Amino acid sequence: MSYTLHQLRVFEAVARAGSITRAAEHMHMTQPAVSIQLKQLQEHFDIPLTEVVGRKLYLTQAGDELFAHIQRISSTIQEMEESLDELRGTIRGNLHFTVVSTGTYFMPYFLGAYAQQVPGINVQLQVTNRDQALRQLQDKITDFAVVSISPEDMEVESLPIMKNPLVLVTSPLTGQATGIDAGKWSESSTSIPFRALKDYPFILREQGSGTRLVLLDLFKKHKIDPKIPFELGTNEAIKQAIKAGLGISLISSFSLKSEIMNGELEVLPVKGFPMMTQWQMIWLKGRKPSPAARSFLEFMQAQKENITRQHFGWMADTLMKD
Ligand code: PGA
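One structure accompanies this document, and this report is about it. (Residues numbered from 1 in each chain as written. Predicted model: local features only at pLDDT ≥ 70, side-chain atom pairs only at ≥ 80, totals over all residues. Heavy atoms only, no water.)

**Overview of the nonpolar core**
Counted only if it meets this: Nine residue types can take part in a nonpolar core, namely buried Ala, Val, Leu, Ile, Met, Phe, Trp, Tyr and Cys, and a core is a set of them joined through side-chain atoms within 4.5 Å. Only protein chains enter the accessibility calculation, which uses a 1.4 Å probe; a residue is then buried when its area is under 20% of its type maximum, exposed when over 50%, and partly exposed in between. Put simply, DSSP marks the helices as runs of H or I at least four residues long and the strands as runs of E at least two long, and each gets a number from the N terminus on. Here, two residues are considered to be in contact whenever any of their heavy atoms come within 4.5 Å of each other.
Ranked by internal contacts, the top residues of the largest apolar core, which has 36 residues, are Phe 97, Met 107, Met 281 and Phe 296. It is helix H12 (residues 291-311) that contributes the most residues to this core, 7 residues altogether. Among all residues touching Phe 97, those that are not within four sequence positions of it are Met 107, Leu 111, Gln 124, Leu 125, Gln 126, Thr 142, Phe 144, Val 146, Met 281 and Phe 296.

**Quick look at the pattern of salt bridges**
Inclusion rule: The working definition used for a salt bridge is a side-chain nitrogen of Lys or Arg within 4 Å of a carboxyl oxygen of Asp or Glu.
One pass over the full model with this rule turns up 11 salt bridges. Between Arg 16 and Glu 12 there is a salt bridge whose closest N-O contact spans 3.1 Å. Here Glu 12 and Arg 16 lie together in helix H1 (residues 5-17), a separation of 4 residues that amounts to about one turn. Residue Glu 12 is classed as buried on the basis of its relative accessible area of 10%. With a shortest N-O distance of 3.5 Å, Lys 39 and Glu 43 are connected by a salt bridge. On the basis of relative accessible area, Lys 39 is assigned to the exposed category, the value being 56%. For Glu 43, a relative accessible area of 58% translates into the label exposed. In the salt-bridge network here, residues are joined through shared partners; they are Glu 236, Lys 239, Lys 243, Glu 259 and Glu 264.

**Comments concerning helix H9 (residues 210-221)**
The criterion, for reference: Multiplying 1.5 Å by the helix residue count minus one yields the expected span of that helix.
The first and last C-alpha atoms of H9 sit 17 Å apart over 12 residues, in line with the 16 Å expected at 1.5 Å per residue. Residues of H9 that are buried in the fold lie against helix H6 (130-138), strand E6 (156-170), strand E7 (203-205), strand E8 (230-232), strand E9 (249-252) and strand E11 (275-284). Where H9 terminates, the next one or two residues include Lys 223, which has phi positive at roughly 50°.

**A few points about the packing of aromatic side chains**
Rule in force here: Centres within 6.5 Å are what make two rings of Phe, Tyr or Trp a pair, Trp counting through its six-membered ring; a difference in plane orientation under 30 degrees is then read as stacked, over 60 as edge-to-face, and the rest as tilted. For a lysine, the NZ atom is tested; for an arginine, the CZ atom; a charge sits over a ring if that atom is within 6 Å of the ring centre and within 35 degrees of the ring normal.
Counted by the stated rule, this structure contains 16 aromatic pairs. Their ring planes at 85° and their centres at 5.4 Å tell us that Phe 97 and Phe 296 sit as a pair that is edge-to-face. Of this pair, Phe 97 sits in strand E3 (residues 93-100) while Phe 296 sits in helix H12; the two residues are 199 residues apart in sequence, bridging distant segments of the chain. The burial state of Phe 97 is the same as that of Phe 296; both residues are buried. Where Phe 194 meets Phe 273, the ring centres are 6.2 Å apart and the plane angle is 20°; that geometry is what we call stacked. A residue pair is termed long-range when its members are at least 10 positions apart, and Phe 194 in the loop between helix H8 (182-187) and E7 and Phe 273 in the loop between strand E10 (266-267) and E11 qualify at 79 residues. The class of Phe 273 is buried, set by a relative accessible area of 18%. The positively charged end of Lys 56 is found above the aromatic ring belonging to Tyr 58, 5.5 Å away from the centroid.

Following this line, the structure appears as structure tokens:
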């Protein structure tokens, strides 16, 4: 009996996961079933493919070599299936998409419109911060990432989507706690100089966040060293902390619509704000796109303005201005 494609796929999953348990989860198999497939594959080679050190499973040099070949086989099979689908005139497959957290406020409108137009595509959306999104792109785990600050040390191509207006935000409770009264500032139509905020507590996003980089740059540019009592891992956590009166922070207007309307959060009228960065869809330069990725890119090129107008009419002109 010779080894099967299924056994190679099981080996590939084990090699990627570094664990039989996680490979079993990934393959929707039981752990003993994975072990049996691995054992049967091993019987074809009279050199060990894996070894266990402590409780961890590692590939041997021969295992590494086999893994490299299997990856090439997998990608050839995928290309073969995609080419046949294209000949049949159907586009199928997975579209892997990674967005930074604010992307969840707008990207579903684009992905949803695309999914309606091309129903054979399974869209897999991951939400994370800028550093992780770039890593997923680099590791070819995702087809596209949506970020607002371009990577400096990665060769990518990009499609601008729309502007990202960043604002400094406070709340009635933060106002009481810090003495920053957005109402007072706006009534007197005074623009607050950024430096005037130097004694107020700022809430910062986590390491790896692009919004954090922008805020740290502003501190540097204005030569201030504010108190930073909290570093929090998501936009939502930042908003809750501002509502609770813990400080002020920099947030994308996209994530504020309902809180501004119900008065829970207030935008500080600071000179130079809103500060505009650019939402863009980026992909690795030189990587051959899958048919799903290529068709999504074409869809975005043709439809991005219509969809922006349709769903973000309240600020569409600002968002699309060059
Ligand atoms: P993030 O978003 O702060 O969630 O990482 C950064 C970005 O706008 O690229």
